[in-house]
Amino acid sequence: MRLRNITGSREVIAESPYVIREELQAGCAGRWKEIFDNVNPIHIEIGMGKGKFIHTMAKENPDINYVGIEKYSSVLLRAVQKMEKEELPNLKFLRMDAEEITRVFGPREVSRIYLNFSDPWPKDRHARRRLPSREFLARYDVILEQNGRLEFKTDNRALFDFAVDELVPAGWTASVLTYDLHHDEVLMQGNVMTEYEEKFSSLGNPICKYVIIRENNKTAEL
Ligand SMILES: C[S@@+](CC[C@H](N)C(=O)[O-])C[C@H]1O[C@@H](n2cnc3c(N)ncnc32)[C@H](O)[C@@H]1O
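Being a predicted model, the structure only gives us computed values, none of them experimental.

1. Focus: the side chain of Gln25
Here is step 1 of the chain: Mapping Gln25 onto the fold places it in the loop between α1 (9–15) and α2 (32–36).
Here is step 2 of the chain: Separated by 3.3 Å, the side chain of Gln25 and the backbone oxygen of Arg95 make a polar contact.
Here is step 3 of the chain: The residues contacting Gln25, other than those within four sequence positions of it, are Ile20, Leu94, Arg95, Met96, Arg103 and Val104.

Spelled out as structure tokens, the structure:
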């Protein structure tokens, strides 16, 4: 998702108490419990778009800290605007490219990562930009705690097949996998719909999902 560039979006974002300013991001690694002022688990969504999913999750789960990550300020602006009448101390946003994620989160600092309807980057030469690619899995390996969890859902079957194929070379194994989430009574329990999920499921597209519990990540051996 890339909205037309909105003049002033960077300035509005910088003023929001929900957004960690870009010049402060590198100083967050290893300090997230201090930032939230509690020891609750940290769950992050990478590529949050306009933020419906993470906003709902933060409201429903006050004992979990949420960090939403979005690359484009024009998109993040929409999430920030929704927060103007809200008070959610367990939610923060970062405007950044997730390629830099190990700069902003320390080893084992994150309990759960959500990838929802990630951009497909259909050209082969762009495969490493896909958020469930092996290059990104290696980054997630560093920041996820032992027994941390990665959840990925999409309606794009080609991207999902790619994501599943990337698991073995990265040394990961899916604990749960479905090609039709919305017809799976068990997995649908507690499912929070994202903006893209609402849009594409209403068109009749089946939603694929995998869940991974990461038992033997590299940082777990530190
Ligand atoms: C297709 S949208 C999905 C939005 C939302 N997760 C949903 O399901 O409705 C993907 C979002 O991921 C963001 N994104 C893509 N690559 C990213 C990256 N490397 N770092 C941070 N955000 C990224 C895009 O800007 C876009 O807003």
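Now that the structure has been shown, the text picks up again.
2. Focus: the pairing of strand β4 (residues 110–116)
Here is step 1 of the chain: The buried count for β4 comes to six of seven residues, which makes it a mostly enclosed element.
Here is step 2 of the chain: As paired elements, strand β1 (residues 42–46) and β4 share four bridges and run parallel to each other. Its bridge partner lying in β4, His43 is registered against Arg112.
Here is step 3 of the chain: Relative to strand β5 (residues 144–154), β4 is paired through six bridges, and the arrangement is parallel.

3. Quick look at the packing of aromatic side chains
Here is step 1 of the chain: One pass over the structure, following the stated rule, counts 10 aromatic pairs.
Here is step 2 of the chain: With a centroid separation of 5.0 Å and 15° between ring planes, the pair formed by Trp32 and Phe105 is classed as stacked. Here Trp32 is found in helix α2, whereas its partner Phe105 is found in the loop between α5 (101–104) and β4, with 73 residues between them in sequence.
Here is step 3 of the chain: Between Phe136 and Tyr140 the ring centres are 6.1 Å apart and the planes differ by 35°, which places this aromatic pair in the tilted class. Linking Phe136 with Tyr140, this pair stays in helix α6 (residues 134–143), spanning four residues, or about one helical turn. As far as the burial class goes, Phe136 and Tyr140 line up, both buried.
Here is step 4 of the chain: Aromatic ring contacts, followed pair by pair, group Phe152, Phe160, Tyr179 and Tyr210 into a single cluster.
Here is step 5 of the chain: The cationic tip of Arg130 hangs over the ring face of Phe162; the distance from NZ or CZ to the ring centre is 4.5 Å.

4. Things to note about the nonpolar core
Here is step 1 of the chain: Counting 37 residues, the largest nonpolar core has Trp32, Ile44, Ile46, Phe105, Ile113 and Tyr140 as the members making the most contacts within it.
Here is step 2 of the chain: Element by element, the count of residues in this core is highest for helix α7 (residues 157–170), at six residues.
Here is step 3 of the chain: Among residues more than four places away in sequence, those in contact with Ile44 are Val67, Ile69, Ile101, Phe105, Val110, Arg112, Ile113, Tyr114 and Ile143.

5. So, the site of the ligand
Here is step 1 of the chain: Residues in contact with the ligand amount to 19 residues; listed here are only the nearest, Gly47, Glu70, Ala98, Thr194 and Tyr196.
Here is step 2 of the chain: One nitrogen or oxygen atom from the side chain of Thr194 is found 2.8 Å from an oxygen atom belonging to the ligand.
Here is step 3 of the chain: Within the complex, the protein chains bury 97% of what would otherwise be the 600 Å² of accessible surface of the ligand.

6. Remarks on the UniProt feature "binding site: substrate" (unreviewed entry) in the protein
Here is step 1 of the chain: Mapped onto this numbering, the UniProt entry gives "binding site: substrate" (unreviewed entry) at Lys123, Asp155, Thr194, Glu195, Tyr196 and Glu197. These annotated residues cover 75 residues of sequence, and their C-alpha atoms reach 25.0 Å apart at the extremes, leaving them scattered rather than at a single site.
Here is step 2 of the chain: Mapped onto the fold, Asp155 is located in the loop between β5 and α7.
Here is step 3 of the chain: Apart from residues lying up to four places away in sequence, Asp155 is in contact with Phe117, Phe200, Asn205, Pro206 and Ile207.
Here is step 4 of the chain: Its location among the elements puts Glu197 in helix α9 (residues 195–202).
Here is step 5 of the chain: For Glu197, a relative accessible area of 0% puts it in the buried group.
Here is step 6 of the chain: Residue contacts for Glu197: discarding those within four places in its chain leaves Phe117, Lys153, Leu181, His182, Asn191, Val192, Ser202 and Ile207.

7. Thoughts on the side chain of Lys92
Here is step 1 of the chain: Looking at where Lys92 falls in the secondary structure, it is placed in strand β3 (residues 91–95).
Here is step 2 of the chain: Comment: no salt bridge for buried Lys92; closest opposite-charge side chain is Asp37, at 11 Å.
Here is step 3 of the chain: Here the side chain of Lys92 touches Pro17 through a polar contact of 3.1 Å, landing on its backbone oxygen.
Here is step 4 of the chain: Non-local contacts of Lys92, meaning those with residues more than four positions away in its chain, are made with Pro17, Tyr18, Ile20, Trp32, Ile35, Phe36, Tyr66, Val67 and Gly68.

Cut-offs and rules
- Residues numbered from 1 in each chain as written.
- Predicted model: local features only at pLDDT ≥ 70, side-chain atom pairs only at ≥ 80, totals over all residues.
- Heavy atoms only, no water.
- Helix = DSSP H or I, 4+ residues; strand = E, 2+ residues; numbered from the N terminus.
- Polar contact = N/O pair within 3.5 Å; in protein donor to acceptor, adjacent residues only side chain to side chain.
- Contact = heavy atoms within 4.5 Å.
- Buried < 20%, exposed > 50% of the residue type's maximum accessible area, 1.4 Å probe, protein only.
- Pairing = 2+ DSSP bridges.
- Phe/Tyr/Trp six-rings, centres within 6.5 Å; stacked < 30°, edge-to-face > 60°.
- Lys NZ or Arg CZ within 6 Å of the ring centre and 35° of its normal.
- Core = buried A, V, L, I, M, F, W, Y, C linked by side-chain atoms within 4.5 Å.
- Near = heavy atom within 4 Å.
- Areas by Shrake-Rupley, 256 points an atom, 1.4 Å probe, with all protein chains shown as cover.
- UniProt positions renumbered as here; feature names shortened; annotations may be inferred.
- Lys, Arg positive; Asp, Glu negative; His and termini not counted.
- Salt bridge = Lys/Arg side-chain N within 4 Å of Asp/Glu carboxyl O.

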